[in-house]
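A structural walkthrough
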Amino acid sequence: MNIAIAQIKPLKGDISANIEKHIKFIELAVSLNANAVFFPELSLTAYEPELAKALSTHKDDNRFNVFQEISDLKKITIGVGSPLKTESGIQISMIIFQPNKESISYSKQLLHEDELPYFENGKGQEIIEIDNQKIIPAICYESLQIEHAEKASELGGEIYLASVAKSQNGIEKAFVHYPNIAKKYTMPVLMANCIGECDNFVSVGYSAVWTKDGKLADQLDNKNEGIIIFNTETEKVVKQII
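Residues numbered from 1 in each chain as written. Predicted model: local features only at pLDDT ≥ 70, side-chain atom pairs only at ≥ 80, totals over all residues. Heavy atoms only, no water.

**Side note on the pattern of salt bridges**
A complete count under the given rule lists 8 salt bridges for this structure. A salt bridge links Glu41 to Lys108; the nearest nitrogen and oxygen atoms lie 2.9 Å apart. Separated by 67 residues along the polypeptide, Glu41 in the loop between strand E2 (36-38) and helix H2 (52-55) and Lys108 in the loop between strand E5 (104-107) and strand E6 (128-130) bring together distant segments of the chain. Residue class for Glu41 comes out buried when judged on its relative accessible area of 2%. When the shortest N-O distance is used, the salt bridge between Lys59 and Asp60 registers 3.2 Å. (Salt bridge = Lys/Arg side-chain N within 4 Å of Asp/Glu carboxyl O. Helix = DSSP H or I, 4+ residues; strand = E, 2+ residues; numbered from the N terminus. Buried < 20%, exposed > 50% of the residue type's maximum accessible area, 1.4 Å probe, protein only.)

**Points about helix H3 (residues 65-74)**
Inspection of H3 places Phe67, Gln68, Ile70 and Ser71 among the buried residues, and these make up the whole buried set. The buried side chains of H3 occupy one side of the element, clustering within an arc of 165 degrees when seen end-on. H3 presents Glu69 and Leu73 as exposed residues on the side facing more than 90 degrees away from its buried surface. Where H3 is buried, its residues contact helix H1 (15-31), strand E3 (77-85) and strand E4 (90-97). One or two positions beyond H3, positive phi appears at Lys75, with a value near 55 degrees. (Arc of directions from axis to C-beta. Contact = heavy atoms within 4.5 Å.)

**Description of the sheet that holds E6**
Spatially, E6-E7-E8-E9-E12-E13 is the arrangement adopted by the 6 strands of the open sheet, whose pairing is mixed. Each edge of the open sheet is held by one strand with a lone partner, namely E6 and strand E13 (216-219). Strand after strand, the sheet turns through a mean of 20 degrees between neighbouring axes, direction not considered. In this fold helix H4 (residues 146-154) packs onto strand E7 (133-139) and strand E8 (159-163), with an angle of close to 165 degrees to the strand it touches most, E7. Contacts between helix H5 (residues 168-185) and the sheet are confined to E8, strand E9 (189-192), strand E12 (208-210) and E13, with E9 contributing the most and set at about 155 degrees to the helix. (Pairing = 2+ DSSP bridges. Axes fitted to C-alpha atoms, helices over the stretch in contact; angles between N-to-C directions.)

**Describing unusual backbone geometry**
Positive phi outside glycine occurs at Asn33, with the angle close to 65 degrees. Under the relative-accessibility criterion, Asn33 is labelled exposed at 55%. Even without being glycine, Asn100 reaches a positive phi, approximately 60 degrees. As for its position among the elements, Asn100 is in the loop between E4 and E5. When its relative accessible area of 58% is taken as the criterion, Asn100 is described as exposed.

**Notes on the sheet that holds E3**
One open sheet holds the 7 strands; their spatial order is E5-E4-E3-E2-E1-E14-E15, and the pairing between them is mixed. Each edge of the open sheet is held by one strand with a lone partner, namely E5 and strand E15 (237-241). Neighbour-to-neighbour, the strand axes of this sheet turn through a mean angle of 25 degrees, independent of strand direction. Relative to strand E14 (residues 226-231), strand E1 (residues 2-7) runs antiparallel, the two sharing 6 bridges. Of the residues in E14, the one forming a bridge with Ala6 is Ile227. Sheet contacts for H1: E1, E2, E3, E14 and E15; angle to E14, the most-contacted strand, approximately 35 degrees.

Have a look at this one:
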């Protein structure tokens, strides 16, 4: 299986423009024979907690129909980030579109204390299954908590997918934590980070993939948008800077 992670610079609060940007990256992933492509945390709005209430929506928002259409047509799984409304609040979520299936969403279960004024915790872990391989999504802060990766392993996870918005400090922690997770649980770790201003920090990119042995397969830089595609069988990587 070929899994792609996209490093983008989302436009603050501009869902329509970000949808168009996502489409371009999905088309690129398709052209590089990806079976799936995943985007950074809150990729459709940018990571902006103070705007989340105004920007929050539901996974079946008509604006997102294009992702399902592309998924069906090109036979590709797509994971995008958006704040989603619940009956009691707002969650940091990933919406997953799979060919000829109803979309599902996964919401961040472990929130950073800075997020608590704006968001509520998600409940339960979604598993994304592609070609009989189980992908466990994790969203930013929780992906650095050992209990989340441990649970992922217990659920039979074979690939750990971290969708993040991380500063330089967060990336430094990630580059220590993720290879250890990969090696300990024998599962590749893929991290999709964004670049540019987010909330009160700058997200620094360096999206990367670690093999199941904990070795860095490849990474992007801190300035450019781009894509990495990882083959889960050969552990080979294709990288393209935009």
